[in-house]
Amino acid sequence: AEYMGTANRKKFKPNVQTLKYDNIIMGCCASSSRKSGNDNHLANKPLTGSPGKQYDSRHQDLRVKHKNLLHKDYNYSSASNPDIDNNRDDLLKLNNARVANDVETIVKLLNSNTAIFLSDYKLHPWATNPRTVGSLACSQIGIYAASGEDELRRRIKHAKAIPVLVSFLSHEDQDKQETAALALSFLTEADEECCNIMIKASTVPALIRHLSAQKVGMQSATAQTLRNLYYQRRDVQMQVLECGGIPPLVRLLDSDNEDAQYEAIGSLQDLLFDNNGRPIKEIAEAFIRADAIPKLRSLTTSQDEEVATMCKTLLDLLEKMRR
């Protein structure tokens, strides 16, 4: 066995404990597609250029209530370094905290590097299975955030989880990056306080880096989080421009995944307009420099009617501004 914590990756003879992480709740961005959800709210909503949200994210369809979440038992093995006695019970602590909705303990366990192993089940369609108790705790925070329960969200913020999640975006371990991206994509929805904390922590450059991630789901979750930030704080629009975020956003239009295309178009649309519904010239010019016009033109014939309609609207506007 190998200890997989970030602090120490040396091989050793582990003291292994196995227990069930009972009834782990799944539902945080449980699918990369919205097609199984209710699409009625998406119908007949072309982009308008009016202030506020310019589109309804398909990512939001992945939000589910506790009563609809999948419950299942999973066998997790915890390989704890015998020299670090404090780590041995972290998995048990996390399980007990989850049962009790003890948000504060779960947030403390974000720093646990106790290695865990799950080989017989994929917890999430695209995200890497948690490899440490800290990553599993991050997944649980994402589940709480996706539940829509205000009290849980308040306690997450009060326990100072947001700066830790932001730090995970730049962590060397992929599982921490991805679980944090999922959690933050839900925590930032219609939550100005959370967005302000993230902006203060200089999150925008880290998010922009993940727009070029290999996984389409990671790209979409990151784009959604950025959109949430600049919807709540319009000054973030210029940060995205200055940090080089527009070229990778535009490149998302090249995705073969229609939902990723949809998220990219909606993110570009929201990025373009100011609080008064007027297009920002500097951002429009950056779109054009990043070859958004030919990419949008190619998607006007998409079989996804929403994608095609959104592209036509944005394309017409950019072509008028280019003249």
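Criteria and thresholds
- Residues numbered from 1 in each chain as written.
- Predicted model: local features only at pLDDT ≥ 70, side-chain atom pairs only at ≥ 80, totals over all residues.
- Heavy atoms only, no water.
- Helix = DSSP H or I, 4+ residues; strand = E, 2+ residues; numbered from the N terminus.
- Salt bridge = Lys/Arg side-chain N within 4 Å of Asp/Glu carboxyl O.
- Axes fitted to C-alpha atoms, helices over the stretch in contact; angles between N-to-C directions.
- Left-handed = near helix turned anticlockwise from the far one by under 90°.
- Contact = heavy atoms within 4.5 Å.
- Nonpolar A, V, L, I, M, F, W, Y, C, P; charged D, E, K, R; others polar.
- pLDDT = per-residue confidence, 0-100.
- Phe/Tyr/Trp six-rings, centres within 6.5 Å; stacked < 30°, edge-to-face > 60°.
- Lys NZ or Arg CZ within 6 Å of the ring centre and 35° of its normal.

Enquirer: How should unusual backbone geometry be read in this particular structure?
Expert: Most of the time, phi is negative for any residue but glycine, and the peptide bond is trans. Although it is not a glycine, N101 adopts a positive phi angle of roughly 55°. Relative to the elements of secondary structure, N101 occurs in the loop between helix 1 (90-99) and helix 2 (103-108). A positive phi angle is found at A190, which is not glycine, with a value near 50°. Topologically, A190 is positioned in the loop between helix 6 (174-187) and helix 7 (192-200).

Enquirer: Whenever I open this one, the pattern of salt bridges confuses me. Can you help?
Expert: When charged atoms on two side chains of opposite charge get close, those side chains can pair. Evaluation of the coordinates by the stated rule reveals 11 salt bridges. Taking the shortest distance from any N to any O, the salt bridge between E193 and K157 comes out at 3.3 Å. With E193 in helix 7 and K157 in helix 4 (residues 150-158), this pair connects stretches of sequence that are 36 residues apart. If you follow the salt bridges from partner to partner, you end up with R153, K157, D191 and E193 in one network.

Enquirer: What's the story with the packing of helix 14 (residues 292-299) against helix 15 (residues 305-322) in this structure? I'm lost.
Expert: The description of two packed helices rests on the angle between their axes and on the distance between the axes. With their axes 8 Å apart at the nearest point, helix 14 and helix 15 run at an angle of 145° to one another. Judged by the sense of rotation from one axis to the other, the crossing of helix 14 with helix 15 is left-handed. Counted together, A292, I293, L296, R297 and L299 of helix 14 and V307, A308, C311, L314, L315, L318, E319 and R322 of helix 15 form the full contact between these two elements. Grouping the amino acids of the contact of helix 14 with helix 15 by side-chain chemistry returns 10 nonpolar, no polar and 3 charged.

Enquirer: Teacher, can you tell me more about the confidence of the model for the protein here?
Expert: Do not read the fine detail of predicted coordinates wherever pLDDT is low. Here the protein averages 78 in pLDDT, and 72% of its residues register 70 or above. Here strand 1 (residues 15-26) stands out as the element of the protein with the lowest mean pLDDT, 41, in contrast to helix 5 (residues 161-168), whose mean of 98 is the highest. This stretch, residues 1-20, has a pLDDT under 50; its non-local contacts, to residues over four places away or in other chains, come to 64 contacts. Predicted confidence is poor over residues 22-52, with pLDDT under 50, and the contacts of this stretch with residues over four places away or in other chains come to 90 contacts.

Enquirer: I keep staring at the packing of aromatic side chains and nothing clicks. Help me out?
Expert: In this description, a pair of aromatic rings is defined by centroid distance and the angle of the planes. A full pass over the atoms with the stated rule returns 0 aromatic pairs. In this arrangement the basic side chain of R227 is found over the ring face of Y231, its NZ or CZ atom lying 6.0 Å from the centre.

Enquirer: It is not clear to me how the environment of S220 should be interpreted in this structure. Could you clarify?
Expert: Within the secondary structure, S220 sits in helix 9 (residues 216-232). In this structure S220 touches A260 and E263, once residues within four positions along its chain are discounted.

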